[in-house]
Amino acid sequence: MCEVLSPGLAVSVLKAIFQEVHVQSLLQLDRHTVYSIITNFMGTREEELKGLGADFTFGFIQVMDGEKDPRNLLVAFQIVRDLIAKNYALGPFVEELFEVTSCYFPIDFTPPPNDPHGIQREDLILSLRAVLASTPQFAEFLLPLLIEKMDSDLQSAKLDSLQTLTACCAIYGQKELQEFLPSLWSSLRREVFQTASEKVEAECLAALHALSACLSCSVLSCDTEDLLDSFLSSILQDCRHHLCEPDMKLVWPSAKLLQAAAGASLRAYHCVTSSVLPLLLEQYTKHPQSSQRRTILEMLLGFLELQQKWGHVEEDESTLLSLQAPGCSVVFSALTDPSVQLQLVGIRALTVLGSLQALVPGFLSPSDLELVVDHLIRLALHEEDSQSSEAAMEAAGSLAPLYPKVFSGHMVPRLEEELQSEREEESSCDHRSLRQRCLQALAAVSTHTSIVRETVPVLLQHLRKVQKGSEAGNAQDMVSVCQSLHRVALQCQQDVDSCWYYHQTVVPCLLAMAVQAAMQESTHPLLGKALLEEEVLAAMVPVISAATTHLSPELAAQSVSHVVPLFLDGEVSFLPQNSFPCSFQPFEDGECLEAQRRLVALLMAFVCSLPRNVAIPQQERLLRELLALSCSCNCPFTATTAAKCFAGLVNKHPAGQQLDEILQLAVNRMELSLAEGPHRTQGLTLLLWMTKALVLRYHPLSSRLTDKLLGLLGDTELGPAVADGFSLLMAESPDVLHKGCHADVRIMFRQRFFTDNVPKLVQGFHGAGPDVKANYLKGLSHVLNHLPKPVLVTELPTLLSLLLEALSCSDRVVQLSTLSCLQPLLLEAPQIMSLHVDTLVTKFLSLTSSPTMAVRIAALRCAHALTSLPTTVLLPYKARVIRALAKPLDDKKRLVRKEAVAARGEWFLLGSPGR
């Protein structure tokens, strides 16, 4: 409509509205129409409206004056923003325009319940703030208003004022702020010194930072005073002396204020730190107590961390170098202090000092760096407190990329020496603890390519040494080495060169050691046995997996061409030290080859972690061998890993005839195993992992396999294991079939599984005999426990009766799974749950006496969550619950007592004023 009006008509329409219509006497909808007309004309007839000059601004002020409806205010605030942003003439009406909008500040609006318009208080606050902070012309009126509201008793008014001040600083300059700086600083200082609210304190610090940044960025003429210096001088004058009193309550507020001002610009940082840092270094030496030193060092650390914001600036070098000697002295002193808390701060400070090398080359001398490494080694290996030890290792990992030569030349050899030493004076327990820390430190420091090339051979050499040993704890020592190797693998993943070096060094070595151990097991049962234990092989799996997942397709194809023939054809030529006493035939029959078959776990770790676009040689043959092994092997560990490996390959296999044939073969073999005989458990394991592999990729056969599982819930022998298998289907698998190892995982597969199968589970429950009903309940509880809670809430009315029945089941796993499912539902769907409050209270209180600790804890958490239901529903049960919860207060387990105290406290407060 606006586009077809003749030139001049828009002005005529607006003049008529301004002169003839008393807009605020109209209904809300009509007022909204007037605002819409003005908005449309401003968008299409801007030049004509600007021809009215300040009369247009004055006319709009009359239209808006007195508006109260939030729907109209949002449009009116937008019009004001456009007036200013598009440079409409304000003329002498700047103050009037400010008054007509600022009268709404701070916004005090609570939307009515079930408001169809959806306007929130925050929408009005942000819209008004955009108006007030849109022009420096409002400054002389707005800043006094903000100072007044900062002194208000209402926290919302304080927060709104501070946030508006921060927004204004983005467009203000020295001229606008000059008159009000003392008052603004006074209000900000008082709030930070006195407030008990963290929100108010944070907004005050943000506003001070914005003021300092604004003053730092202002363009000055040659005869203009630099307000930044005088402003920072006021802050230093009011705060600096508090830093000399580390025991007093104003020390931290003062430090935060100084840091907020200093962090705004490099100029502000120099002005503040040139005064503060020497003072803090002096105070550290004056105060001998560890608690005081910790406070001072934490403040010092805060200022040093700000330095990293600015990067390398040549002018900084002299300032930083003057602090180098006293700074290092203070930090090294903290590292040798008996106080663990002071040590921890010292380690953080050491990391920051080390990082200053990037800003000022040569900041730490070679002797300082050696001392740093000595301190880190001492703390990592010999400090009794584990916190300091772990922090030292993390610090070494942070500093190693900055000083790779120092760490590879000093720290790695020292750790290797400690690892190889045999100390007779130490107990075996202490020596094992020291070895454990050495292994962790070697992994932690492996954060640079050159260091990885030093540490990986040390770790592998130690693994060989442990394998040849005959100590009772060999298996645990091997697990520790594997855990360190796994950490190194994760740290190498983002660097292509490190990743490939790690892979081609570690994977063949682990395979060679495992093959050697398996062959020795066949001929000399006592040698190398620890390496074949389940926990050691399970620890090797994530090492090989992490070393493989991030390989490029080309390098992965190169590696797979060696590994798969090793398992299928016994091709050992690529392995180091490959002179083995007999051939490697893990897929051949024979009891003497049982140890070799266990190594299928390592094959699984490798092939199931390959990218999907990497072709696996002899894949069909490999799948058939894995299928046969999973169904016929008597060792549960081997059968399970073969089934997992088969499932991982099937999940990634391209769709087509080859996949259909291998799946049909697997189904036939599995059904044969499940029918009768000694291998029913192996058949079930294969069925579960195959089902998971196909459910994840939405394969059509998955529904048939799931129906097979549902039918087996009624099997008296396999039913309980099938019910537990539903947890496997829904949960994230740590080693195969997850996105990290490139598995084909479709979005919302859990929701789809729920929709397709829960009705069948419910139907099966109602039709089942009393001896197998628990299986259906257990399966249902596992599915619901892994379902996203928003989906579960929508289905709650139809399933709640079954969940309540599951609480009566004697199976502890069913109880625990159901309680875990119900606890969040009590918080998210209180209205539905309150309909069953009598049953819930009875069941939860009964389970607080369960013989299983985990069930008692879960039941108490549910009793605690009950207090989120409507108070009127709960009050009749209050006395009964409080009496019943007195018993678990004396439970023999501390964790149970802790939950009982929390739950009983909430029930005591139920119905009290203010809740």
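Described below are features of the structure shown in this document. (Residues numbered from 1 in each chain as written. Predicted model: local features only at pLDDT ≥ 70, side-chain atom pairs only at ≥ 80, totals over all residues. Heavy atoms only, no water.)

## A closer look at the overall build of the protein chain
Scanning the protein chain from N- to C-terminus turns up 45 helices and zero strands. Per-residue burial for the protein chain yields a buried fraction of 54% across its 915 residues. Taking the intrachain contacts of the protein chain between residues at least 6 apart in sequence as the baseline, contacts between residues at least 24 apart amount to 73%. Within the protein chain, one finds 74 positive and 100 negative side-chain charges whose respective centroids are separated by 7 Å. (Helix = DSSP H or I, 4+ residues; strand = E, 2+ residues; numbered from the N terminus. Buried < 20%, exposed > 50% of the residue type's maximum accessible area, 1.4 Å probe, protein only. Contact = heavy atoms within 4.5 Å. Lys, Arg positive; Asp, Glu negative; His and termini not counted. Charge placed at Lys NZ, Arg CZ, Asp CG, Glu CD.)

## Comments concerning unusual backbone geometry
Glycine aside, negative phi is the norm for most residues, and most peptide bonds take the trans geometry. Residue Pro106 is bonded to the preceding Phe105 through a cis peptide linkage, with omega at -10 degrees. Look at Leu737: it is not a glycine, yet its phi comes out positive at around 55 degrees. Along the polypeptide, Leu737 turns up in the loop between helix H35 (719-730) and helix H36 (749-767). On the accessibility criterion, Leu737 (4% relative accessible area) is buried. Look at His742: it is not a glycine, yet its phi comes out positive at around 70 degrees. For His742, the location among the structural elements is in the loop between H35 and H36.

## Section: the state of the cysteines
Working definition of a disulfide: a covalent bond connecting the sulfur atoms of two cysteines. One pass over the structure, following the stated rule, counts zero disulfides. Residue Cys492 stays outside any disulfide, its sulfur separated by 7.1 Å from that of Cys499, the closest cysteine. (Disulfide = S-S within 2.5 Å.)

## Quick look at the packing of aromatic side chains
Summed over the entire model, instances satisfying the criterion amount to eight aromatic pairs. Their ring planes at 70 degrees and their centres at 5.5 Å tell us that Phe567 and Phe584 sit as a pair that is edge-to-face. One end of the pair, Phe567, is in helix H27 (residues 553-569); the other, Phe584, is in the loop between H27 and helix H28 (594-597), with 17 residues separating them in the sequence. In this pair, the class of Phe567 matches that of Phe584, namely buried. Connected via pairs of aromatic rings, a cluster forms that spans Phe18, Phe56 and Tyr88. Positioned above the aromatic ring of Tyr88, the side-chain terminus of Lys50 is 5.5 Å from the ring centre. Residue placement shows Lys773 over the ring face of Phe765; its charged tip is 4.2 Å from the ring centre. (Phe/Tyr/Trp six-rings, centres within 6.5 Å; stacked < 30°, edge-to-face > 60°. Lys NZ or Arg CZ within 6 Å of the ring centre and 35° of its normal.)

## Considerations on H35
Between the first and last C-alpha of H35 there are 18 Å, a value that for 12 residues agrees with the 16 Å anticipated at 1.5 Å per step. Buried residues along H35 sit against helix H33 (680-696), helix H34 (701-712), H36 and helix H37 (773-785). (Expected span 1.5 Å × (residues − 1).)

## A few points about the packing of helix H38 (residues 789-807) against helix H39 (residues 812-828)
Two elements in contact, H38 and H39, have axes whose closest approach is 10 Å; the angle formed by their N-to-C orientations is 135 degrees. By the angle between their directions, the pair H38 and H39 is classed as oblique. The two elements H38 and H39 cross, and the hand of that crossing is left-handed. Here Lys789, Leu792, Val793, Leu796, Leu800, Leu803, Ala806 and Leu807 of H38 lie close against H39, whose contacting residues are Val814, Gln815, Thr818, Leu819, Cys821, Leu822, Pro824, Leu825 and Glu828. Its residues assigned to classes, the contact of H38 with H39 shows 13 nonpolar, two polar and two charged. (Axes fitted to C-alpha atoms, helices over the stretch in contact; angles between N-to-C directions. Parallel < 35°, antiparallel > 145°, perpendicular 65-115°, else oblique. Left-handed = near helix turned anticlockwise from the far one by under 90°. Nonpolar A, V, L, I, M, F, W, Y, C, P; charged D, E, K, R; others polar.)

## Digging into the packing of H35 against H36
Contact pair H35 / H36: the axes reach a minimum separation of 10 Å and the direction vectors enclose 145 degrees. Here Phe726, Leu729 and Met730 of H35 come into contact with H36, specifically with Phe749, Arg750 and Phe753. Here the contact of H35 with H36 is built from residues that sort into five nonpolar, no polar and one charged.

## Topic: the pattern of salt bridges
Counting across every chain of the model gives 29 salt bridges. Between Glu298 and Arg294 there is a salt bridge, with its nearest N and O atoms 3.7 Å apart. With Glu298 and Arg294 both in helix H16 (residues 290-307), this residue pair falls four residues apart, about one helical turn. In this structure, the salt-bridge partner of Glu732 is Arg750, at a minimum N-O distance of 3.9 Å. Of this pair, Glu732 sits in the loop between H35 and H36 while Arg750 sits in helix H36, placing them 18 residues apart in sequence. You can call Glu732 exposed: its relative accessible area is 56%. Ionic contacts of the salt-bridge type, sharing partners, join the residues Arg612, Asp744 and Arg746 into one network. (Salt bridge = Lys/Arg side-chain N within 4 Å of Asp/Glu carboxyl O.)

## What to know about the environment of Thr33
Relative to the helices and strands, Thr33 is located in helix H2 (residues 28-44). Along the backbone, Thr33 and Asn72 are 39 residues apart, and their C-alpha atoms lie at a distance of 9.3 Å. Within polar-contact distance, the side chain of Thr33 engages the backbone oxygen of Leu29 at 2.9 Å. (Polar contact = N/O pair within 3.5 Å; in protein donor to acceptor, adjacent residues only side chain to side chain.)

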